[in-house]
Amino acid sequence: MTDKSQPIIILKNVDKHFGHVKAVNNISLEVMPSEVVVVIGPSGSGKSTMLRCINHLETPTAGQIVVDGKVLSHKGKDINAIRREVGMVFQQFNLFPHLTALENVVIAQTVVRGRSKQEADRVARQQLDRVGIPEKADVYPGQLSGGQQQRVAIARALAMNPKIMLFDEPTSALDPEMIKEVLDVMMQLAEEGMTMVVVTHEMGFARNAADRIIFMNEGGIVEEATPDVFFDNPKHERTKLFLSQILH
Amino acid sequence: MASTDTPSRNRRGTFIDTLSGLPWWFFIILLGALFLAYSFFVDETYSDIFIFLKDGVAMTIRVTLTGYALAVTIGLMTGLGRVSKNPVLYNVATIYVNIMRGIPILVNILYVAFVVTPPAINGINVLGDWLAQINLLGPENVLAVLSVRQVDFSVRGTIALAISYGAFEAEIFRAGIESIGRGQMEAARSLGMSYVQAMRYIILPQAVRRVLPPLGNDFIAMLKESSLISVLGVRDMTQLSKLYAASSFQYLKTYTLLAFMYLVMTVLLSIGVKSMERRLSTND
Ligand SMILES: Nc1ncnc2c1ncn2[C@@H]1O[C@H](COP(=O)(O)OP(=O)(O)OP(=O)(O)O)[C@@H](O)[C@H]1O
Ligand SMILES: [Mg+2]
């Protein structure tokens with residue numbers, strides 16, 4: 001179905017302005033199937049906003065976005081159709097607190113994908129297994145550690161069989177000892193060929209997992225390169241300054 | 001001197017603190033209730049009054065239950081309108097809430113019963129005739145032949161209470177929905193759920209737990225305010241008390257019993273609401 005030689009995400013001159021704030025300013029970007037793109041940049045540079053434009057949690061002020069061959073028009077049913085192909089993982093996990101871990105993973109499968117309860121249950125257990133916490137199926141999010149919650153959130157997104165996964169600082173709200181368990185899951189996903197766009201400050205992950213790194217500043221893309229080039233030979237002064245700050 | 005004085009004053013202080021910390025208000029109410037219960041037992045007038053009021057109790061409960069069920073339904077729909085991004089839904093809901101909050105319930109009861117009902121029945125008749133014309137219903141169908149006289153004042157009063165309280169419940173639902181973080185809606189939508197699905201499966205189930213205690217309090221309030229429909233001559237507890245008192249001149253005993261009956265019902269209900277509140281907060 002998906003043509004491996006065509007970009008699966010296309011952003012063409014996308015703007016997103018909040019009043020005077022140009023959160024995203026004329027961004028163009030293409031992501032190929034199975035590509036892992038890591039987005040880094042200082043706070044307020046528009047990383048989250050760009051990511052949220054891809055699944056239309058933010059409606060772009062201008063420009064065009066094509067996901068999996070479908071043009072995201074301003075409104076309409078196709079938005080839900082696209083979102084179901086695009087999984088999203090949030091910094092604050094956003095698990096549904098009134099549902100158990102298993103139910104969190106089941107609900108959208110039944111409601112959106114129309115799967116039977118049994119089928120959704122089976123898929124959910126499989127996904128919880130994949131992220132390494134099958135034993136937490138019947139536990140409510142409030143009783144899970146941050147790392148476990150984030151892994152349930154990843155399982156919840158994966159259960160929809162998305163073609164693309166978006167991550168917005170998935171480890172920023174975690175205690176240091178839990179970061180690794182989440183990054184390991186993401187690394188495994190990357191190896192399995194999932195198309196991923198990841199906003200993160202984890203430079204180790206960026207170096208090891210990314211096919212391409214994008215550096216954003218003030219709503220625009222300043223530099224994009226492979227990890228080796230990006231970390232060892234950055235071209236722009238702004239990138240060098242940022243790297244010197246973040247790598248000490 | 002001072003060294004012996006201070007500790008003894010402290011001791012007295014803690015004793016007084018303990019005393020004043022006791023729920024005296026509860027003991028006093030309890031005492032009053034016991035005294036009243038005793039008088040009801042020994043004084044036959046009270047049982048006469050009670051027998052006279054019995055049908056009124058049923059009416060009060062019926063009006064409150066149906067009115068409340070309607071009010072919560074109206075409130076849920078209006079509350080959803082209040083958080084809607086659809087400008088028509090939002091504005092319709094907001095107009096309704098603001099108008100109803102600005103009109104005394106008593107005035108609304110009079111207005112619905114005497115001003116709104118007759119033309120509303122006319123409208124229903126017209127609808128019935130029209131449905132008969134297009135052969136959906138028979139020529140003499142219920143809608144077409146319904147007359148104003150058939151719409152009992154207890155029904156009008158109940159509808160009026162529901163319309164007034166619907167606005168309060170709407171604001172409770174709105175606050176409950178808005179108290180659920182934005183991230184929940186975003187997570188649901190990012191999984192491909194529509195707005196309605198996200199509301200139905202993610203937002204409302206969480207909001208309902210938060211709105212149950214205030215909704216319970218409004219049930220108690222409505223039980224009390226249902227006494228207002230006595231202005232329409234509806235034979236609820238209050239109306240029957242008025243009738244009994246006026247004919248027997250037993251004003252003190254009649255109204256004391258009436259007040260006591262409302263008090264017992266509301267105190268029992270508020271204990272129920274408190275325990276529900278406690279159960280919900282431990283479940284979180
Ligand atoms: N809903 C909004 N309303 C108004 N301004 C917004 C909104 N969302 C983002 N912004 C503004 O847009 C700019 C970019 O925000 P964005 O969250 O995309 O940055 P970011 O790169 O993700 O930053 P961080 O690293 O802090 O998460 C910021 O100046 C922010 O204040
Ligand atoms: Mg951000």
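As a starting point, this report considers the structure included with it. In every chain, residue numbers begin from 1 and rise along the written sequence. Each chain is given a letter, starting from A, and each ligand a number, starting from 1, according to the order in which they appear as written. pLDDT decides what is reported in this predicted model: residues at 70 or higher carry local features, side-chain atom pairs at 80 or more are listed and counted, and totals for whole chains, interfaces and linings draw on all residues regardless. Hydrogens and waters are ignored; side-chain quantities use all the structure's heavy atoms.

**Quick word on the overall build of chain B**
To qualify as a helix, a DSSP run of H or I must reach at least 4 residues; to qualify as a strand, a run of E must reach at least 2; elements of each kind are numbered from the N terminus. A count of helices and strands for chain B gives 11 helices and 0 strands. Listing each helix as α and each strand as β along chain B from the N terminus yields α-α-α-α-α-α-α-α-α-α-α. The C-alpha radius of gyration of chain B comes to 26 Å, more than 25% above the 19 Å expected for a compact globule of 284 residues. Overall, chain B is about 100 × 65 × 30 Å in size when its C-alpha atoms are taken along their principal axes. Burial status follows relative accessibility: with a 1.4 Å probe on protein chains alone, a residue under 20% of its type maximum counts as buried, one over 50% as exposed, and anything between as partly exposed. Looking at chain B as a whole, 39% of its 284 residues are labelled buried. In chain B, 74% of the contacts between residues at least 6 apart in sequence involve partners at least 24 apart. Roughly 16400 Å² of accessible area belongs to chain B as shown, and the carbon and sulfur atoms make up 68% of that amount. When charges are tallied, Lys and Arg are placed among the positive residues and Asp and Glu among the negative ones, while His and the ends of the chain are skipped. Where a charge lies is defined by one atom per residue type: Lys uses NZ, Arg uses CZ, Asp uses CG and Glu uses CD. With 23 positive and 18 negative side-chain charges, chain B shows a separation of 7 Å between the mean positions of the two kinds. Our radius of gyration looks at C-alpha atoms and nothing else; its globule reference is 2.2 Å times the residue count to the power 0.38. The contact criterion used is simple: two residues touch if any of their non-hydrogen atoms lie within 4.5 Å. What sets the accessible areas is the Shrake-Rupley method with a 1.4 Å probe; for residues, cover comes only from the shown protein chains.

**Topic: unusual backbone geometry**
Most peptide bonds are trans, and most residues other than glycine sit at a negative phi. Residues and elements named next belong to chain A. In the Ramachandran plot, asparagine 13 falls in the positive-phi region, its phi being about 50 degrees despite a non-glycine side chain. In this fold, asparagine 13 is placed in strand β1 (residues 9-18). Classification of asparagine 13 by relative accessible area gives partly exposed; the value is 43%. At asparagine 161, a position not held by glycine, the phi torsion is positive, near 50 degrees. The residue asparagine 161 is located in the loop between α5 (146-158) and β7 (164-168) in this model. On the accessibility criterion, asparagine 161 (43% relative accessible area) is partly exposed.

**Looking at helix α4 (residues 117-130) of chain A**
For α4 of chain A, built from 14 residues, the straight-helix expectation of 20 Å at 1.5 Å per residue is met to within 8% by its first-to-last C-alpha distance of 20 Å. The first or second residue beyond α4 of chain A is glycine 132 of chain A, which carries a positive phi of 85 degrees. Helices are assigned an expected span. That span is 1.5 Å times one less than the residue count.

**Here we look at the interface of chain B and chain A**
A common way to express how large an interface is: the accessible area buried when the components associate. Of the residues lining the interface, 17 residues belong to chain B; the matching set on chain A comes to 22 residues. Summed over both partners, the interface of chain B with chain A comes to about 1600 Å²; 63% of that surface belongs to carbon and sulfur atoms. When two parts are put together, the accessible area they lose, computed with a 1.4 Å probe and summed over both, is reported as buried area. Ranking the residues of chain B by area buried against chain A places Glu186, Ser190 and Leu191 of chain B at the top, with a combined share of 35%. Whenever a carboxyl oxygen of Asp or Glu lies within 4 Å of a side-chain nitrogen of Lys or Arg, that contact is scored as a salt bridge. Joining chain B to chain A, the criterion identifies 1 salt bridge. Notably, a salt bridge pairs glutamate 186 of chain B with arginine 52 of chain A, separated by 2.6 Å at the nearest N-O pair. N or O atoms within 3.5 Å of each other form a polar contact, as long as, within protein, one can give a hydrogen and the other can take it, and as long as residues adjacent in sequence are counted only when both atoms are side-chain atoms. Linking chain B with chain A are 5 residue pairs in polar contact (both at pLDDT 80 or more). For the side of chain B that touches chain A, the secondary structure elements donating two or more residues are α8 (182-190) and α9 (195-225) of chain B. Residue classes follow a fixed rule: Ala, Val, Leu, Ile, Met, Phe, Trp, Tyr, Cys and Pro count as nonpolar, while Asp, Glu, Lys and Arg count as charged, and any other residue, Gly among them, counts as polar. Across the side of chain B that touches chain A, the residue classes break down as 7 nonpolar, 7 polar and 3 charged.

**Some remarks on the pairing of β1 of chain A**
Residue and element names in this part refer to chain A. Bridging between β1 and strand β2 (residues 21-31) involves 7 bridges; their strand directions are antiparallel. Residue pairing for β2: leucine 11 is matched across the bridge by leucine 29. Only strands joined by at least two bridges in the DSSP assignment are considered to pair. Linking β1 to β2, which pair antiparallel, is a turn of 2 residues; within it glycine 19 sits at a positive phi near 60 degrees.

**Some points on the pairing of strand β3 (residues 36-40) of chain A**
Residues and elements named next belong to chain A. Of all 5 residues in β3, 5 are buried, a share of seventy percent or more. Neither face of β3 is left uncovered, since the one carrying Val36, Val38 and Ile40 and the one carrying Val37 and Val39 both have all their residues buried. Pairing geometry for β3 and strand β8 (residues 195-199), over 4 bridges, is parallel. Within the sheet, the bridge partner assigned to valine 39 lies in β8 and is valine 199. Bridging between β3 and strand β9 (residues 212-217) involves 4 bridges; their strand directions are parallel. Opposite valine 37, over in β9, you have arginine 212 as the bridge partner.

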